[in-house]
Amino acid sequence: MSSDLLVDLHDELGGDDSPGAALDQLKLVPDKQWPDDPVSVSKSATDIKSLGQGSHLAWDDPFYDIARHQIVEVAGDDNFGRKVIVFSACRMPPSHELDHHKLLMYVKQTLDNYVESDYTLIYFHHGMTSENKLSLSWLRDAYREVERKYKKNIKAFYIVHPTMFIRTVLIFLKPLISFKFGRKIHYVNYLSELEEIVKCDQLVIPSRVRAYDDKIRVNLKPPVTPGPMGRPHSPPLPHQQFGVPLAVLRSRGADSDGVPLVMRDTISFLREQGLQTEGIFRRSANVSLVKNLQHKYNSGEEVNFFQMEDVHLAAVILKTFLRELPEPLLTYQLYNDVVNFQNVDSATQAVTIRNMLLCLPEENYASLRFLTQFLAQVSAESEVNKMTNMNLAVVFGPNLLWGQDAAMTLSSIGPINNFTRILLDLHEQVFTQ
């Protein structure tokens, strides 16, 4: 049926010999020479060494020519505890300058690190023109070539700033797309709507996309009321646990070492009930339950995970707590040391990490040690739960450290994950008293 569909579309839209040329008849955006988009690399990532400019890969990597455009990025976790993969159409160069087959291989390679976990895909459509568009045949082949493992754990696919073009393409591709996958596709008209899904300051949103969003808001009458992105932050509650500095939490239920209440509650439960749960930290949780527990903690109410008996809920609460700290657990001060840690000789890594962590505030050090020792217990059961140190590093790296401008890029996320894995590998040497 898919072949018949392509023939019909081919005939209806012009009869050109190229399958992708049929889409030339569909309106994209006015043809024009778009200015190059400034690469939105994390400011803190500028000191990362031995990598090509604008890329997380070395100059001689076979995918460097794809990665340098930063079309695909990883942005930590969303509000459901799922990894976020971002695809930006405006960063795609003209079609004759981009190997589309290699692009697909690069997308698959990037996803390989995350597809065993629940994940979210966000596609910024603005900036796709007749010069850089992906052909219908490429989209068809990509959907067919992407194996089930890539589709199984994608929980949502958000298309931001959809046009009639992309809606039409999805209509024509509908016979190829399974009903189950089709239900995961959602349209997002404004960036403020993304705040229900993910904190936008964690996303690497191209400046052209932000400018376009501002433009369509201004042109609307009446203008769209800004969403959470424009709302002033309310003052913290007296018992608030989420989004509060660790130093403040020392007086709000933290133990004598400064390990906060939420970390103690979740880890105590997970240590007893979750060590042998396959995919622990890889599954998402019901967002309403997550928000309800956050509200309880922030209101000073008691939370008992043993009564709920939901391992994945406790795991998401732990990750959410770390991600919402005003400053990451490893602190901004250590950012450059961590992303450049790949240059440290393996023989001195344990000593180097130990010396680095001595710079942490007492409550940060105690919390990191508490968390790391627990994650080592999780890894010890990896034959059952499938969570090796590398898998745990992919999950926790972006929740332990991010740049001061908040946005995570692949150029920083790789080194951060690598540092986290080494920390777990060497935890006994690092935290020797």
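Scroll up to find the structure this text is about.
Presented here is an overview of the structure given in this document. Just so it is clear, the model here is predicted, and its values are computed rather than measured. (Residues numbered from 1 in each chain as written. Predicted model: local features only at pLDDT ≥ 70, side-chain atom pairs only at ≥ 80, totals over all residues. Heavy atoms only, no water.)

## Observations regarding the overall build of the protein
- Looking only at helices and strands, one finds 20 helices and five strands in the protein.
- Going through the 433 residues of the protein one by one, you find that 55% of them count as buried.
- Residue pairs in contact within the protein that sit at least 24 positions apart in sequence constitute 78% of those at least 6 positions apart.
- For the protein, the accessible area works out to roughly 20,000 Å², and carbon and sulfur atoms hold 51% of it. (Helix = DSSP H or I, 4+ residues; strand = E, 2+ residues; numbered from the N terminus. Buried < 20%, exposed > 50% of the residue type's maximum accessible area, 1.4 Å probe, protein only. Contact = heavy atoms within 4.5 Å. Areas by Shrake-Rupley, 256 points an atom, 1.4 Å probe, with all protein chains shown as cover.)

## Thoughts on the environment of Asn 389
- Within the secondary structure layout, Asn 389 lies in helix H18 (residues 389–400).
- Look at Asn 389 and you get buried, because its relative accessible area is 15%.
- Distance from Asn 389 to Thr 420, taken between C-alpha atoms, is 8.4 Å for residues 31 residues apart in sequence.
- When sequence neighbours within four positions are dropped, the list of residues in contact with Asn 389 reads Ser 379, Arg 421, Leu 424 and Asp 425.
- Among the polar contacts made by the side chain of Asn 389, one reaches the side chain of Ser 379 at a distance of 2.8 Å. (Polar contact = N/O pair within 3.5 Å; in protein donor to acceptor, adjacent residues only side chain to side chain.)

## Some points on empty space enclosed by the protein
- Applying the stated rule across the entire model yields three cavities of 30 Å³ or more.
- Roughly 760 Å³ of volume is contained in the largest cavity.
- Lining the largest cavity are 32 residues, and of these Leu 121, Trp 138, Leu 139, Ala 142 and Phe 157 sit closest to its centre.
- Elements supplying a minimum of two residues to the lining of the largest cavity: strand E2 (83–88), helix H3 (100–112), strand E3 (119–124), helix H4 (136–145), helix H5 (148–152), strand E4 (154–160) and helix H6 (164–173).
- Grouping the amino acids of the lining of the largest cavity by side-chain chemistry returns 29 nonpolar, no polar and three charged. (1 Å grid on protein atoms, 1.4 Å probe; cavity = no way out; pocket = protein on both sides within 12 Å on 5 of 7 lines; lining within 4 Å. Points joined across faces, edges and corners; volume = space filled by probe spheres on them. Nonpolar A, V, L, I, M, F, W, Y, C, P; charged D, E, K, R; others polar.)

## Here's the deal with the pairing of strand E1 (residues 72–77)
- Of all six residues making up E1, six are buried, and the element is well covered by its neighbours.
- Across four bridges, the pairing between E1 and E2 is antiparallel. Note that in E2 the partner of Glu 73 across the bridge is Val 86.
- Counting the residues between successive antiparallel strands, the hairpin from E1 to E2 contains five residues, one of them, Gly 81, with a positive phi of roughly 85°. (Pairing = 2+ DSSP bridges.)

## Re H18
- Counting buried positions over the 12 residues of H18 gives 10, a clear majority of the element.
- Listing the buried residues of H18 in full gives Asn 389, Leu 392, Ala 393, Val 394, Val 395, Phe 396, Gly 397, Pro 398, Asn 399 and Leu 400.

## Some points on the sheet that holds E1
- Within the open sheet, the five strands sit side by side as E1-E2-E3-E4-E5. Their pairing is mixed. Edge positions in the sheet fall to E1 and strand E5 (185–188), since each of these pairs with one other strand and no more. On average, each strand axis in the sheet is inclined to that of its neighbour by 25°, with strand direction left out of account.
- Strand contacts of H6: E3, E4 and E5, with the helix running at about 170° to E5, the strand carrying the most contacts. (Axes fitted to C-alpha atoms, helices over the stretch in contact; angles between N-to-C directions.)

## Notes on the packing of aromatic side chains
- Scanning all chains against the criterion turns up 10 aromatic pairs.
- Taken together, Phe 242, Tyr 297 and Phe 321 form an aromatic cluster joined through their ring pairs.
- Against the face of Tyr 187 rests Arg 167, its NZ or CZ located 4.2 Å from the ring centre. (Phe/Tyr/Trp six-rings, centres within 6.5 Å; stacked < 30°, edge-to-face > 60°. Lys NZ or Arg CZ within 6 Å of the ring centre and 35° of its normal.)

## Observations concerning unusual backbone geometry
- With phi around 55°, Gln 70 is a residue other than glycine that occupies positive phi space.
- The residue Gln 70 is located in the loop between helix H2 (64–67) and E1 in this model.
- Its identity is not glycine, yet Glu 309 carries a phi of approximately 55°, on the positive side.

## Structural notes on the pattern of salt bridges
- For the structure shown, the criterion picks out 11 salt bridges.
- For Arg 82, the salt bridge identified is with Asp 78, shortest N-O distance 3.1 Å. Assigned by exposure class, Arg 82 and Asp 78 land together as buried.
- Put simply, Arg 250 and Glu 363 hold a salt bridge, and the shortest N to O gap is 3.2 Å. Placement of Arg 250 in the loop between helix H9 (246–249) and helix H10 (261–273) and of Glu 363 in helix H16 (residues 362–380) is noted, with a sequence separation of 113 residues between them.
- Among the residues examined, Arg 250 registers a relative accessible area of 32% and is labelled partly exposed. (Salt bridge = Lys/Arg side-chain N within 4 Å of Asp/Glu carboxyl O.)

## Side note on the packing of H3 against H4
- Between H3 and H4, the least distance of the axes is 11 Å, while the angle of their chain directions is 30°. In this structure, H3 meets H4 at a crossing whose hand is right-handed. Along its contact with H3, which presents His 100, His 101, Leu 103, Leu 104, Met 105 and Lys 108, the element H4 presents Trp 138, Ala 142 and Glu 145. (Left-handed = near helix turned anticlockwise from the far one by under 90°.)

## Some thoughts on H10
- In this model, H10 (13 residues) spans 18 Å end to end at C-alpha, consistent with the 18 Å of a helix rising 1.5 Å per residue.
- Along H10, the residues that are buried comprise Val 262, Met 263, Thr 266, Ile 267, Phe 269 and Leu 270. Buried residues along H10 cover an arc of 165° about the axis, so they all sit on one side.
- Buried residues belonging to H10 abut helix H11 (287–299), helix H12 (305–308), helix H13 (311–323) and H16. (Expected span 1.5 Å × (residues − 1). Arc of directions from axis to C-beta.)

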